[in-house]
Amino acid sequence: MKNLLFISTFLLAVCQMAFSQESEWGDFEEINLPRMDKVSMDNQGFIFVTDLEGNLYQFNKSGKVINNFSPHRQGRISQLEAGWTINIFTFSIDLQEYRILDRFINPVADNRIPLNLITLAKAATLGNNNIIWVYDEADLSLKQFDYMRNQVVQQQPLNLILDRSTLDITEMREYQNLLFIHIKGEGIFILDNQGNLIKKIQANPSRNFGFWKNKTVFIENEKVISMDFQSEKKDTFLLPDDFKPSGVLLNQQIILLFDNTQIRIYQRRNTPMKGQ
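This structure is a prediction, so every number in the text was calculated from the model and none was measured. (Residues numbered from 1 in each chain as written. Predicted model: local features only at pLDDT ≥ 70, side-chain atom pairs only at ≥ 80, totals over all residues. Heavy atoms only, no water.)

Chemist: Got a sec to walk through the overall build of the protein? Specific residues and values, please.
Modeler: Within the protein, the regular secondary structure consists of two helices and 24 strands. The C-alpha atoms of the protein give a radius of gyration of 20 Å, which matches the 19 Å a tight globule of 276 residues would have. Summarising its shape, the C-alpha atoms of the protein cover approximately 80 × 45 × 30 Å along the three principal directions. Each of the 276 residues in the protein was classed as buried or not, and the buried ones make up 50%. Carbon and sulfur atoms make up 50% of the accessible area of the protein, which amounts to about 13700 Å² in all. If the 29 positive side-chain charges of the protein are averaged to one point and the 32 negative ones to another, these points end up 3 Å apart. (Helix = DSSP H or I, 4+ residues; strand = E, 2+ residues; numbered from the N terminus. Rg over C-alpha atoms; globule rule 2.2 N^0.38 Å. Buried < 20%, exposed > 50% of the residue type's maximum accessible area, 1.4 Å probe, protein only. Areas by Shrake-Rupley, 256 points an atom, 1.4 Å probe, with all protein chains shown as cover. Lys, Arg positive; Asp, Glu negative; His and termini not counted. Charge placed at Lys NZ, Arg CZ, Asp CG, Glu CD.)

Quick look at the structure:
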């Protein structure tokens, strides 16, 4: 009888914990897209998603598709960025090309990576002043490519800057005039706008990393991590009990949790991160 009472109490406690954790995140809208790949969000809450063929879709914050773009050359997108105020940026390693689109996903600039300047682009991200940061694997260098003038304006030997690194770059992002480089299994390296190393933070995102104010936000070990990249103070949040996403993005109003098949859109005020 005592054992039965203990088991019943234990099961009740487990059920209450699971219910509490799910209810903390509240209700959500859902996006399901076949062969979903990259996800990004702009500062107004519009959500941008690519599929494995490189098609680009735009959703509103309710999860309704409102626009789409299909490139004439199909290929997987390696980098998708919608966080810039005016432009959306995509880059494909397979095609060795970049594309810049307006907020209505109309292309305003697209081109192949110039082989005479960059032999093998393995990572790229949009920067300020018509600059694209490119990691050229052929000579292990970090290059600033001015796409308006079609020239490399600066380059640094990344293998010397990040000594003894594998240079297995999964993502690069410019934010607050700093360049953030995630290297698999090593952490996120922060460089200044000239490509000089400032510091490394101990962070290994499962998928993407995003930004909010002076924090970088990502999922690590099935938890949402919000880390101040200056002080390295870290806050940790449990995920919903019924969903284990690999990526997270947020703005002032909403939070996106996503994996390879689904995006959940949560109202931030109803989540554990409402005070962040």
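Chemist: Could you give an account of the pairing of strand S3 (residues 47–51), with specific residues and numbers?
Modeler: Of all five residues making up S3, five are buried, and the element is well covered by its neighbours. Here S3 shows no split at all, with Ile47, Val49 and Asp51 on one side and Phe48 and Thr50 on the other all buried. Relative to S3, strand S2 (residues 36–41) runs antiparallel, the two being bridged by four bridges. Looking at the pairing, methionine 41 lines up with isoleucine 47 of S3. Adjacent in sequence and paired antiparallel, S2 and S3 are bridged by five residues, among which glycine 45 carries a positive phi angle near 95 degrees. Relative to strand S4 (residues 56–59), S3 runs antiparallel, the two being bridged by four bridges. (Pairing = 2+ DSSP bridges.)

Chemist: How would you explain the packing of aromatic side chains if you had to name every residue and give the values?
Modeler: One pass over the structure, following the stated rule, counts ten aromatic pairs. Ring geometry for tyrosine 98 against tyrosine 147: centres 6.2 Å apart, planes inclined by 55 degrees, an arrangement best described as tilted. Here tyrosine 98 is found in strand S8 (residues 97–101), whereas its partner tyrosine 147 is found in the loop between strand S12 (141–146) and strand S13 (151–157), with 49 residues between them in sequence. On the basis of relative accessible area, tyrosine 98 is assigned to the buried category, the value being 3%. (Phe/Tyr/Trp six-rings, centres within 6.5 Å; stacked < 30°, edge-to-face > 60°.)

Chemist: Give a detailed account of the sheet that holds strand S22 (residues 247–250), specifying residues and quantitative values.
Modeler: Reading across from one edge, S1-S24-S23-S22 is the order of the four strands in this open sheet, with antiparallel pairing throughout. With partners counted over all chains shown, the strands left at the sheet margins are strand S1 (28–32) and S22, one partner each. Between one strand axis and the next, the sheet turns by 20 degrees as a mean value, whatever way the strands run. Note: S1 against strand S24 (residues 262–267), five bridges, orientation antiparallel. Residue pairing across strands places glutamate 29 opposite isoleucine 265, the latter belonging to S24. (Axes fitted to C-alpha atoms, helices over the stretch in contact; angles between N-to-C directions.)

Chemist: I'd like a rundown of the nonpolar core, residues and numbers included.
Modeler: Core analysis: the biggest nonpolar cluster contains 15 residues, and Leu158, Ile169, Met172, Ile181 and Leu191 have the highest contact counts within it. Those elements that place two or more of their residues in this core are strand S11 (131–136), helix H2 (158–161), strand S14 (169–175), strand S15 (178–183) and strand S16 (187–191). Among the elements that take part in this core, S15 stands out by supplying three residues, more than any other. Non-local contacts of leucine 158, meaning those with residues more than four positions away in its chain, are made with Tyr135, Leu140, Ser141, Leu142, Leu167, Ile169, Ile181 and Leu191. (Core = buried A, V, L, I, M, F, W, Y, C linked by side-chain atoms within 4.5 Å. Contact = heavy atoms within 4.5 Å.)

Chemist: Break down the environment of arginine 269 for me, citing the residues and quoting the values.
Modeler: With respect to the helices and strands, the residue arginine 269 is situated in the segment after S24. With relative accessibility at 60%, the residue arginine 269 sits in the exposed group. Arginine 269 sits 53 residues away from threonine 216 along the chain, and the two C-alpha atoms are 19 Å apart.

Chemist: I'd like to hear about the sheet that holds S15, residue by residue, with values.
Modeler: Strand order in the open sheet formed by four strands is S14-S15-S16-S17, with antiparallel pairing between adjacent strands. Each edge of the sheet is formed by a strand with only one pairing partner; in this case those strands are S14 and strand S17 (197–201). The mean inter-strand angle of the sheet, taken between neighbouring strand axes irrespective of direction, is 20 degrees. Here four bridges tie S16 to S17, and the two strands are oriented antiparallel to one another. Each bridged residue has a counterpart across the sheet, and for leucine 191 the counterpart in S17 is leucine 197.

Chemist: Report on the side chain of asparagine 251, specifying residues and quantitative values.
Modeler: Mapped onto the secondary structure, asparagine 251 falls in the loop between S22 and strand S23 (254–258). Among the polar contacts made by the side chain of asparagine 251, one reaches the main-chain amide nitrogen of glutamine 253 at a distance of 2.9 Å. If near-sequence neighbours (up to four positions away) are discounted, asparagine 251 is found in contact with Met41, Asp42, Asn43, Gln44, Gly45, Trp212 and Arg268. (Polar contact = N/O pair within 3.5 Å; in protein donor to acceptor, adjacent residues only side chain to side chain.)

Chemist: Just give me the short version of the pairing of S24, but keep the residues and values in it.
Modeler: Of all six residues that make up S24, five are buried, and the element is covered over most of its length. Pairing of S23 with S24, which is carried by five bridges, proceeds in the antiparallel orientation. In the sheet register, leucine 256 faces S24, and the bridge partner there is isoleucine 265.

Chemist: So what's going on with the pattern of salt bridges? Which residues, and what values?
Modeler: For the structure shown, the criterion picks out 14 salt bridges. Of the charged contacts, one joins arginine 99 and aspartate 110 as a salt bridge, the two residues approaching to 3.4 Å between their closest N and O atoms. Of this pair, arginine 99 sits in strand S8 while aspartate 110 sits in strand S9 (residues 107–112), placing them eleven residues apart in sequence. Overall, aspartate 110 belongs to the partly exposed group, its relative accessible area being 37%. For aspartate 136, the salt bridge is made with lysine 143, and the minimal N-O distance between the two is 2.9 Å. Residues aspartate 136 and lysine 143 agree in their burial class; the two are buried. Three or more residues are tied together by salt bridges with common partners; here these are Arg73, Glu97, Arg99 and Asp110. (Salt bridge = Lys/Arg side-chain N within 4 Å of Asp/Glu carboxyl O.)

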